[in-house]
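Residue-level structure breakdown
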Amino acid sequence: MKNCDQFRELFEGYALGVLDAEERTALEAHLATDCSDCTRLLGEARWLVSQLAYIAPDSRPSEMLRGRLMQRVRAEAQNPRFAGQSKTGVPYWMWIGVATLFLVALYSAWDAHRSKQEVRAAHGQIADVDAQLAVARRENAILADPTSLRVALSPQNSFGPQLEVTWHSQYGMVLAGQNVPVPTGNRVLQLWLIPNAPGGKPIPSLTLRPNANGEFVLLISHPPKVAAETKALAITEEPPGGSTQPTTTPRWVGRVG
Amino acid sequence: MFLTIWTPTNDPVMSPDTALIQRLLQNDASAFESLYDRHSHLVYSLVVRILQQAAMAEEVVQDVFLQLWRNTAQYDASRGPFVPWLVALARNRALDALRLKSERQRRREDQVEELPSIVAAPQYEREIDEKRRIERVRALMGELNPRQKRAIELAYFEGLSHTEIAAAMEEPLGTVKTWIRDGLMRLKEGLQATA
């Protein structure tokens, strides 16, 4: 109680709002301890201070003010949604806030999903670049290695430039060309490996379409490991997606070895 | 104006104000009208005394009553009687308007709550009409030394602190503190004695 006693003289001043910051802070710190006696006494001090309102000289508001207020209140009573607050004590702006939060959360989720997709796409792009780099490194290794076998593919019927295949026993095969006429429509060029074995059927390999300038580079990663098993290479024009066996006469042919 | 101001909350009979507040919660505009008619006189008198300007006082009174209409649930009958709550709300709003009007930088912002806190009527408080209450409070305040009464008025109607009042009245700080404390204690004792 001794602790409370030191605040007893401050309640009226606090309720009146005249205390200096130090006194006010000390009292508020004490009230924060949930001292029931002091809380009650402060409540009574507030009641006492409220009585001072009765010494204000009598004045009456205008009838216009009453009319304005009543008009507004009646309108809001009929259309509560136009009022700034709800009667439940939960202001409409709070509901609007909740709705906004919901929308923000929805947007955040969508944004997170989109970001995830973007990250995934970026990862995909990086993977593509990595793959392209890996291909480029592999092509470079094939082309630069002196042990690689070079096969010249000559155009049949003098149709188009000569092409070259570089075949590495480990890394695979690179087929490259320039100024190659682009097949009509969606048709493609397809590489065939003609086996050494008697009666062996042409083995279908990859398809390609030169770019608009007639250039292309094609890496065949998994050709037969031993070039000696292949007698020749041929290129035919095939429908989109390629064929299981040649449907046209070869446009380029080159003997291996 | 013979109006019932307040019935203690422990009274088994619901006070007229509490009953009107209940209806207000149901969006009853006629209950609002009744509350306005019961208390606008007191609220306006207080606000115009603080602001000294009728037009601004009417704006503040309008804000106070619209707040009551739109945020009725902010008043909790279990936390104290209605009229002191309404008066405290009006005083806070009026002093805020006064501060804005005069552009004085004072420490009130962190001292006065936006909404009134718990107001506990003392044991001796009894239900009386507004006219009798006005007469009683004014008579008791009239018994104070005029300088003492002036110090309390500067605090209540102008929102000045002890220090500001001392400066305004050119009196020692300790004297002002004693005046205000003693004056309020005499008011309290007088109300207690005449209850």
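In this numbering scheme, every chain counts its residues from 1 along its sequence in written order. For this description, chains carry letters from A and ligands carry numbers from 1, given in the order in which they are written. Where totals are concerned, whole chains, interfaces and linings use all residues; where local detail is concerned, this predicted model gives features only for residues with pLDDT of at least 70, and gives and counts side-chain atom pairs only at 80 or more.

Okay, the overall build of chain A next. In terms of helices and strands, chain A carries six helices and eight strands. In chain A, the succession of helices and strands from N to C terminus is α-α-α-α-α-α-β-β-β-β-β-β-β-β. Within chain A, buried positions represent 28% of all 257 residues. Within chain A, contacts between residues separated by at least 24 positions form 57% of all contacts whose residues are at least 6 apart in sequence. Numbering goes from the N terminus for both helices and strands, where a helix is a DSSP run of H or I of at least four residues and a strand is a run of E of at least two. The exposure scheme places C-beta atoms from the backbone and then counts, for each residue, the other C-beta atoms within 10 Å of its own, assigning buried at 20 or more, exposed at 12 or fewer, and partly exposed in between. C-beta atoms are placed from the backbone for every residue, and two residues are taken to be in contact when these atoms lie within 7 Å.

Glancing now at the overall build of chain B. Secondary structure summary: chain B contains eight helices and zero strands in total. Along the chain direction, N to C, the helices and strands of chain B fall in the order α-α-α-α-α-α-α-α. When each of the 195 residues of chain B is scored for burial, the buried share is 41%.

Residues and elements named next belong to chain B. The phi angle at Gln52 is positive, at roughly 60°, despite the residue not being glycine. Take Gln52: there are 12 C-beta atoms within 10 Å of it, and that puts it in the exposed class. Of note in this structure, Glu170 is not a glycine but carries a positive phi near 55°. Note that Glu170 resides in the loop between helix 7 (162-169) and helix 8 (173-194).

The subject of this paragraph is the environment of A:Arg209. All names here are of chain A. Turning to its location among the elements, Arg209 is positioned in the loop between strand 5 (203-208) and strand 6 (216-220). The class for Arg209 is partly exposed, based on 13 C-beta atoms found within 10 Å. The residues contacting Arg209, other than those within four sequence positions of it, are Val182, Pro183, Val188 and Leu189.

Turning next to the interface of chain B and chain A. One frequent convention defines the size of an interface as the accessible area lost when the parts assemble. The partner chain A presents 46 residues to the 56 residues of chain B that form the contact. Every element with two or more residues in the side of chain B that touches chain A is listed here: helix 2 (29-51), helix 3 (54-70), helix 4 (82-102), helix 5 (130-142), helix 6 (146-158), helix 7 and helix 8 of chain B. Counting residues per element, the side of chain B that touches chain A draws most heavily on helix 2 of chain B, at twelve residues. In this count, Pro and Cys sit with the nonpolar residues alongside Ala, Val, Leu, Ile, Met, Phe, Trp and Tyr, while Asp, Glu, Lys and Arg are called charged and the others, Gly among them, polar. When its residues are assigned to classes, the side of chain B that touches chain A shows 31 nonpolar, 15 polar and ten charged.

All names here are of chain A. When DSSP locates at least two bridges between a pair of strands, those strands are taken to pair. Here eight strands make up an open sheet; going across it, the order is 5-4-7-8-1-2-3-6 and the pairing antiparallel. Unpaired on one side and paired on the other, strand 5 and strand 6 mark the two borders of the sheet. Neighbouring strand axes in the sheet, compared pairwise and without regard to direction, differ in orientation by 20° on average. Relative to strand 5, strand 4 (residues 188-195) runs antiparallel, the two sharing four bridges. Paired with Leu189 across the bridge in strand 5 is Leu208. Think of each axis as a best-fit line through the C-alpha atoms, taken over the contacting stretch in the case of a helix, with angles from 0 to 180 degrees between the N-to-C directions.

Let's shift gears to the packing of helix 6 of chain B against helix 7 of chain B. All names here are of chain B. Between helix 6 and helix 7, the shortest axis-to-axis distance is 10 Å and the interhelical angle comes to 130°. By the angle between their directions, the pair helix 6 and helix 7 is classed as oblique. Both helix 6 and helix 7 take part in a crossing whose hand is right-handed. In this structure, helix 6 uses Arg147, Arg150, Ala151, Leu154 and Ala155 to contact helix 7, whose residues at the interface are Ile165, Ala168 and Met169. In terms of residue class, the contact of helix 6 with helix 7 is built from six nonpolar, no polar and two charged. Should an angle fall under 35 degrees it is called roughly parallel, over 145 degrees roughly antiparallel, and 65 to 115 degrees roughly perpendicular, with every other angle called oblique. The hand of a helix crossing depends on one turn: near helix anticlockwise from the far one by less than a right angle means left-handed, and clockwise means right-handed.

Residues and elements named next belong to chain A. Both strand 2 (residues 163-168) and strand 3 (residues 172-177) contribute to a ladder of five bridges, which runs antiparallel. Along strand 3, the bridge assignment pairs Glu164 with Ala176. Here strand 2 folds back onto strand 3, and the loop between the two strands holds three residues. Looking at chain direction, strand 3 and strand 6 are connected through five bridges and run antiparallel. Looking at the pairing, Val174 lines up with Leu219 of strand 6.

Moving on, we come to the pairing of strand 4 of chain A. Each regular strand displays side chains that alternate between the two surfaces of the sheet. Residue and element names in this part refer to chain A. Burial analysis of strand 4 places seven of its eight residues in the buried class, which makes it a mostly covered element. Here eight bridges tie strand 4 to strand 7 (residues 230-238), and the two strands are oriented antiparallel to one another. Bridge assignment links Pro195 to a residue of strand 7, and that residue is Thr230.

For the rest of this paragraph, the subject is the nonpolar core. Membership of the largest hydrophobic core comes to 74 residues, with the highest contact counts inside it found for B:Val43, B:Leu46, B:Val47, B:Val61, B:Ala90, B:Ala94 and B:Ala155. Here the element with the most residues in this core is helix 2 of chain B; it accounts for twelve residues. A set of buried Ala, Val, Leu, Ile, Met, Phe, Trp, Tyr and Cys residues, joined to one another through C-beta atoms within 7 Å, is what we call a nonpolar core. Counting 20 residues, the second-largest nonpolar core is a separate cluster that includes A:Trp167, A:Leu191, A:Trp192 and A:Leu233.

All names here are of chain B. Interhelical geometry of helix 7 versus helix 8 gives an angle of 110° and a closest axis separation of 9 Å. Compared by their axis directions, helix 7 and helix 8 come out roughly perpendicular. As helix 7 packs across helix 8, the resulting crossing turns out to be right-handed. Contacts between helix 7 and helix 8 involve His162, Thr163, Ile165, Ala166 and Met169 on the former and, on the latter, Leu173, Val176 and Lys177. Looking at the contact of helix 7 with helix 8, its residues break down into five nonpolar, two polar and one charged.

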